[in-house]
Amino acid sequence: MQPNSDFNEPIDWSNVDPLNSFRNKTFVRADFSGRCLVGVDFSGSTLVDCNFTNSDLCHANFEGADLYRSNFRRTVLYATHFRDCNLTRCDLSESYIYGLRIVDFSNITYTKFTNFRLERLRRSSTISASGAGQSHMKVGDKIVDTSQLPNGSYFVNGYSFSFADLDKYERHMQRSQVYNRLRRLYIANCFSEEARSCLYWERYHRTRSWYRYHTFTGETSSDGDFHGAFARIFQSFASFAYEYLAGYGLRPRAVLRNMIYVYAIYVLITFAIVSAQSDSGILYTSISVTRTGGDISQTSSVIDLTPSNPLKVMYFCAFSMFSLTFQYFSPFGHMVWISSLFAVVGIAFLALLISALFSVLRTD
């Protein structure tokens, strides 16, 4: 029995009461690291700058707790309750936060959720009286490494934990659901920019799950149903395309990048056509105006654009890509439908760019 800091009473880990030992108490810089703390009640406590690193906190309750600057790195937070908490400057990076419950308003200023981990097997828990056939642990027991917990089922504090295999598609779906929870958490706490980033990664991992798992129920999609499988594959390819073209409408830089790519392709095609000097090309009409007193006269001349007029060719591509008019340019032959096609694509990209920029401004 050793003291955890200069400010706390020493904790007798061999005689811990999960419901009363840590409830409505004050701990400053206390060391809870490397402990089995399943189902422990920390509600109403002040736990400032405490160390929970590498602990099993499944089903633990932190409702109404002040956890300022506490460290939760590499902890297992399966079904852990955080409600009305102060999580300011807490470090939850590298923790296993799948199933984490943070509801209502919680102060999460400067809280680190990045680089979270998923257990290699799917964890499930049931309330049990005996945990027959499972290895038994006690609250307060030392844990060597939380990443080794899925090596076998175990029983502690009335909870039985078992593990089952999962595939890479389910792993992506789990990451998507974690980002979904983080997005809602950020929205509830008015962190709109972070919520927008989480929405992107939620859709990113949902796409890579190939929609094999239902978004809400988590049930496996039926591969035997031809129509269902076809719809799922089509939805996946559509999502991949939407991600690449517009960053799910959340990343203006992705839209701008693709606009530049399309424009470069348009310029190359146009230069190839005008250099061929065939029955397709671009005519440019130049007008000169002569003013004599109140009289105005104009003369016009028409030239067939060639690669020796690079600025005019590039200007034609830039203008016609975002407009259905051509100013003083007159495409003919194949250039008519080519310019019309790139105009439709360019206007669509322009609409995507405006909507993406509006999304950024709205959440900034």
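The present account deals with the structure reproduced in this document. Please read these numbers as outputs of a predicted model, since none were measured by experiment.

Attention now moves to the sheet that holds strand 7 (residues 154-156). Reading across the sheet, the four strands line up as 5-8-7-6 and stay open at both edges, with mixed pairing between neighbours. Looking at which strands have only one partner, the edges of the open sheet turn out to be strand 5 (122-127) and strand 6 (135-136). Relative to strand 8 (residues 159-164), strand 5 runs antiparallel, the two being bridged by six bridges. Within strand 8, the position partnered with Ser 124 by the bridge is Ser 162.

Right, let's get into the sheet that holds strand 10 (residues 295-304). Read from one edge of the open sheet, three strands run 10-9-11, paired in antiparallel fashion. The open sheet is flanked by strand 10 and strand 11 (329-332), the only strands paired with a single partner. Averaged over all pairs of adjacent strands, the angle between strand axes in this sheet comes to 25°, irrespective of strand direction. The pairing of strand 9 (residues 281-292) with strand 11 spans four bridges and is antiparallel. Counted as the bridge partner of Ile 282 is Pro 331 from strand 11. Of the strands in this sheet, strand 9 and strand 11 are in contact with helix 5 (residues 310-321), which crosses strand 11 at around 80°. Most of the contacts of helix 6 (residues 334-363) go to strand 11, to which it runs at about 110°, and overall it touches strand 9 and strand 11.

Turning to the pairing of strand 8, a few remarks are in order. Relative to strand 8, strand 7 runs antiparallel, the two sharing three bridges. Each residue of the ladder has a partner; that of Tyr 154, found in strand 8, is Phe 161. Here strand 7 hands over to strand 8 after two residues, with Asn 157 in that stretch at a positive phi of 55°.

What follows concerns the pattern of salt bridges. Counted by the stated rule, this structure contains nine salt bridges. A salt bridge links Asp 41 to Arg 23; its shortest N-O distance comes to 3.7 Å. With Asp 41 in the loop between strand 1 (26-28) and strand 2 (46-48) and Arg 23 in the segment before strand 1, the pair connects residues that are 18 residues apart, well separated along the chain. Owing to a relative accessible area of 9%, Asp 41 belongs among the buried residues under this scheme. Ionic pairing is found between Glu 170 and Arg 122, a salt bridge with its closest N-O pair at 2.7 Å. In this pair, Glu 170 is assigned in helix 1 (residues 168-188) and Arg 122 in strand 5, connecting sequence segments 48 residues apart. Judged by its relative accessible area of 32%, Arg 122 is partly exposed.

This part takes up the nonpolar core. The nonpolar side chains of a soluble globular protein tend to be buried, and buried together. Of all hydrophobic cores here, the largest spans 55 residues; its most connected members are Phe 32, Phe 52 and Phe 62. Breaking this core down by element, the ones donating at least two residues are strand 7, strand 8, helix 1 and helix 2 (192-208). Broken down by element, this core gets its largest block of residues, five residues, from helix 1. The residues contacting Phe 32, other than those within four sequence positions of it, are Ile 11, Trp 13, Phe 22, Phe 27, Leu 37, Phe 42, Leu 47, Cys 50, Asn 51, Phe 52 and Ser 55. Ala 246, Cys 317, Met 335 and Phe 349 belong to the second largest nonpolar core, which has 22 residues in total.

In this section: empty space enclosed by the protein. Throughout the structure, instances matching the rule amount to one cavity of 30 Å³ or more. There is about 110 Å³ of room inside the largest cavity. Taken together, Val 76, Tyr 78, Tyr 96, Tyr 98, Arg 117, Leu 118, Glu 119, Leu 121, Arg 122, Arg 123 and Gln 174 make up the lining of the largest cavity. Looking at the lining of the largest cavity, its residues break down into six nonpolar, one polar and four charged.

Another aspect to go through is the environment of Leu 352. With respect to the helices, strands and loops of the structure, Leu 352 is situated in helix 6. C-alpha separation for the pair Leu 352 and Tyr 248, spaced 104 residues apart in sequence, amounts to 9.8 Å.

Thresholds, definitions, all that
- Residues numbered from 1 in each chain as written.
- Predicted model: local features only at pLDDT ≥ 70, side-chain atom pairs only at ≥ 80, totals over all residues.
- Heavy atoms only, no water.
- Pairing = 2+ DSSP bridges.
- Helix = DSSP H or I, 4+ residues; strand = E, 2+ residues; numbered from the N terminus.
- Axes fitted to C-alpha atoms, helices over the stretch in contact; angles between N-to-C directions.
- Contact = heavy atoms within 4.5 Å.
- Salt bridge = Lys/Arg side-chain N within 4 Å of Asp/Glu carboxyl O.
- Buried < 20%, exposed > 50% of the residue type's maximum accessible area, 1.4 Å probe, protein only.
- Core = buried A, V, L, I, M, F, W, Y, C linked by side-chain atoms within 4.5 Å.
- 1 Å grid on protein atoms, 1.4 Å probe; cavity = no way out; pocket = protein on both sides within 12 Å on 5 of 7 lines; lining within 4 Å.
- Points joined across faces, edges and corners; volume = space filled by probe spheres on them.
- Nonpolar A, V, L, I, M, F, W, Y, C, P; charged D, E, K, R; others polar.

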